Amino acid sequence: MPSTVVITAEQRAQIKEIVCEILEIEAAEVTDTSLFKEDHNADSLGAIEILSSLERTFDIEIDQAELTRMVNLDGVVAVVQESLAK
């Protein structure tokens, strides 16, 4: 059974910062459930940049198949959390 890793408030803030920087949006505009593509006009390249930045920042490996779940901040946090638990 995989161990459970809890994302700290600091890590969550770091994830949000990465997302906002890459998508070039203000942190105040992003909620946990606002959709990157629909609400913030993100493109698939932005999603890939987010994925690779998260991998470098947290020293993890994220399968590109997870991009389908990384549609909002909650989804990104869940993917990072699962990757850290591996």
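Anyway, here's the lowdown on the structure attached to this text. Since the model is a prediction, treat every value here as computed from it, not as a measurement. (Residues numbered from 1 in each chain as written. Predicted model: local features only at pLDDT ≥ 70, side-chain atom pairs only at ≥ 80, totals over all residues. Heavy atoms only, no water.)

Broken down by element type, the chain carries 4 helices and 0 strands. Across the chain, helices and strands are ordered from the amino to the carboxyl terminus as α-α-α-α. At 12 Å, the chain has a C-alpha radius of gyration in line with the 12 Å of a compact globule built from 86 residues. Counting only C-alpha atoms and orienting by the principal axes, one finds that the chain spans roughly 35 × 25 × 20 Å. Sequence-distant contacts, at least 24 apart, represent 55% of the contacts inside the chain between residues at least 6 apart. Carbon together with sulfur atoms contributes 49% to the accessible area of the chain, which is approximately 5400 Å² in total. Positive and negative side-chain charges in the chain, numbering 6 and 18 respectively, have mean positions lying 4 Å apart. (Helix = DSSP H or I, 4+ residues; strand = E, 2+ residues; numbered from the N terminus. Rg over C-alpha atoms; globule rule 2.2 N^0.38 Å. Contact = heavy atoms within 4.5 Å. Areas by Shrake-Rupley, 256 points an atom, 1.4 Å probe, with all protein chains shown as cover. Lys, Arg positive; Asp, Glu negative; His and termini not counted. Charge placed at Lys NZ, Arg CZ, Asp CG, Glu CD.)

With that out of the way, let us pick up the packing of helix 1 (residues 9-23) against helix 3 (residues 44-58). Contact geometry of helix 1 with helix 3 gives a least axis separation of 10 Å together with a crossing angle of 145°. Judged by the sense of rotation from one axis to the other, the crossing of helix 1 with helix 3 is right-handed. Contact with helix 1, carried on its side by Gln11, Gln14, Ile15, Ile18, Val19, Ile22 and Leu23, involves Gly46, Glu49, Ile50, Ser53, Leu54, Thr57 and Phe58 of helix 3 and no other residues of that element. (Axes fitted to C-alpha atoms, helices over the stretch in contact; angles between N-to-C directions. Left-handed = near helix turned anticlockwise from the far one by under 90°.)

Further remarks concern helix 1. Over its 15 residues, helix 1 runs 21 Å from end to end, which matches the ideal 21 Å to within 8%, given 1.5 Å per residue. At its buried positions, helix 1 is contacted by helix 2 (36-40), helix 3 and helix 4 (73-85). Just beyond helix 1, the residue with positive phi is Glu24, at close to 55°. (Expected span 1.5 Å × (residues − 1).)

With that out of the way, let us pick up helix 4. Along an α-helix, residues three or four positions apart point the same way, because every turn accommodates 3.6 residues. Given a rise of 1.5 Å per residue, 13 residues ought to cover 18 Å, and the 18 Å separating the end C-alpha atoms of helix 4 matches this to within 8%. Considered for burial, the residues of helix 4 that qualify are Leu73, Gly75, Val76, Val77, Val79, Val80, Ser83 and Ala85. Elements that come into contact with the buried residues of helix 4 comprise helix 1, helix 2 and helix 3. With a side-chain oxygen lying 3.3 Å from the backbone nitrogen of Asp74, the N-terminal cap of helix 4 falls on Asn72. (Buried < 20%, exposed > 50% of the residue type's maximum accessible area, 1.4 Å probe, protein only. Polar contact = N/O pair within 3.5 Å; in protein donor to acceptor, adjacent residues only side chain to side chain.)

So, about the side chain of Ser53. Along the chain, the position of Ser53 falls in helix 3. Filtering out sequence-adjacent residues up to four positions away, Ser53 remains in contact with Ile18 and Ile22.

Glancing now at the environment of Asn72. Within the secondary structure, Asn72 sits in the loop between helix 3 and helix 4. Note: C-alpha distance between Asn72 and Glu38 (34 residues apart in sequence) is 10.0 Å. Leave out the neighbours within four places in its chain, and Asn72 touches Asp32, Thr33, Ser34, Leu35 and Phe36. Within polar-contact distance, the side chain of Asn72 engages the backbone nitrogen of Asp74 at 3.3 Å. Within the structure, Asn72 has its side chain in polar contact with the backbone nitrogen of Gly75 (distance 2.8 Å).

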